[in-house]
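Below are the chains, spelled out letter by letter.
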Amino acid sequence: MICEKCKKNNATAHLHSVSNGIVKDAYLCSECANAYKVAKFDNGDLFDIMQSFLNDTARVKNNIKCDSCGITFQEVKANGRLGCANCYSAFENQLSDTILKLHGSTVHKGKRPYNDAKNYDVTSESDDKYDLISDLKQKLKMAVENEQYEQAAVLRDEIKRLEE
């Protein structure tokens, strides 16, 4: 592309300006761009500055270590495995985007395994709610089988209220 001002040299700069809502673009050679006193960076061009910033940020991000097992995020990225259960907390900021992309949510919303209450220690409030809903569903099933439709309607409404 040829410089739009002198029409001699190759354009090496893109000048983009907005004035009173009017957008103007100009492709200029380095000499003509100097005439417009385009801002220059003493440490190099803007791309190099941004690249070094991103590299520094990535280096800090990848050197975070888990306090429990000592694994770094760089090692997690390399082998695709966390070192321990505490790694989820240590690398929460780094993992949340990946987990969101893979699963569509960062919160587990699936079903519990069959006979979960028998095999595991169930103590959380959400588990108690789950158990209560399961019991109400069993009672609802029995009420329908015994043709106790009024009782079934009350149980159905209670289940809907708890599931919200």
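Counting from 1, residues in each chain are numbered in the order their sequence is written. At least 70 in pLDDT is required for a residue's local features to be given in this predicted model, at least 80 for side-chain atom pairs to be given and counted, and no such filter applies to totals for whole chains, interfaces and linings, which use all residues. Side-chain descriptors were evaluated using all non-hydrogen atoms of the structure, hydrogens and water having been removed beforehand.

### What about the pattern of salt bridges?
Part 1 of the reasoning: Any Lys or Arg side-chain nitrogen located within 4 Å of an Asp or Glu carboxyl oxygen qualifies as a salt bridge. Under the definition given, this model contains 3 salt bridges.
Part 2 of the reasoning: Here arginine 156 and aspartate 157 are joined by a salt bridge, their closest N and O atoms 3.0 Å apart.
Part 3 of the reasoning: Burial classes follow relative accessibility: with a 1.4 Å probe on protein chains only, a residue under 20% of its type's maximum area counts as buried, one over 50% as exposed, and anything between as partly exposed. Residue classification places arginine 156 among the partly exposed residues on the basis of a relative accessible area of 40%.
Part 4 of the reasoning: On the accessibility criterion, aspartate 157 (42% relative accessible area) is partly exposed.

### So, the state of the cysteines
Part 1 of the reasoning: Disulfides are defined as cysteine sulfur pairs within 2.5 Å. What the rule picks out here adds up to 0 disulfides.
Part 2 of the reasoning: With no disulfide of its own, cysteine 6 lies closest to cysteine 3 among cysteine sulfurs, the gap being 3.7 Å.
Part 3 of the reasoning: Exposure remark for cysteine 6: the relative accessible area of 26% places this residue in the partly exposed category.
Part 4 of the reasoning: Cysteine cysteine 32 shares no disulfide, and the gap to the nearest cysteine sulfur, in cysteine 29, comes to 3.5 Å.
Part 5 of the reasoning: Exposure remark for cysteine 32: the relative accessible area of 10% places this residue in the buried category.

### A word on the confidence of the model for the protein
Part 1 of the reasoning: In this model, the protein carries a mean pLDDT of 76, and residues with pLDDT of at least 70 account for 71%.
Part 2 of the reasoning: Summary of the metric used: pLDDT quantifies the predictor's per-residue confidence within the range 0 to 100. Strands here mean DSSP runs of E at least two residues long; helices mean DSSP runs of H or I at least four residues long; both are numbered from the N terminus. Predicted confidence in the protein is weakest over helix α6 (residues 116-119), with a mean pLDDT of 50, and strongest over helix α8 (residues 149-163), with 91.

### Things to note about α8
Part 1 of the reasoning: Its 15 residues give α8 an end-to-end C-alpha distance of 21 Å, which sits within 8% of 21 Å, the value for a rise of 1.5 Å per residue.
Part 2 of the reasoning: Among all positions of α8, only Ala152, Leu155, Ile159 and Leu162 are buried. In an axial view of α8, the angular spread of the buried residues amounts to 90°, which keeps them on one side of the axis. Relative to its buried face, α8 has exposed residues pointing more than 90 degrees away, namely Tyr149, Glu150, Val154 and Arg161. The span one expects for a helix is its residue count, reduced by one, times 1.5 Å. Working definition: the arc comes from the directions between the helix axis and the C-beta atoms, pointing outward to the latter.

### A short note on the pairing of strand β2 (residues 22-28)
Part 1 of the reasoning: In this description, strands pair whenever DSSP reports at least two bridges between them. With 7 bridges joining them, strand β1 (residues 13-19) and β2 adopt antiparallel strand pairing. Bridge pairing in β2 places histidine 14 opposite tyrosine 27.
Part 2 of the reasoning: The antiparallel hairpin formed by β1 and β2 contains 2 residues in its connecting segment, where asparagine 20 sits at a positive phi of about 55°.

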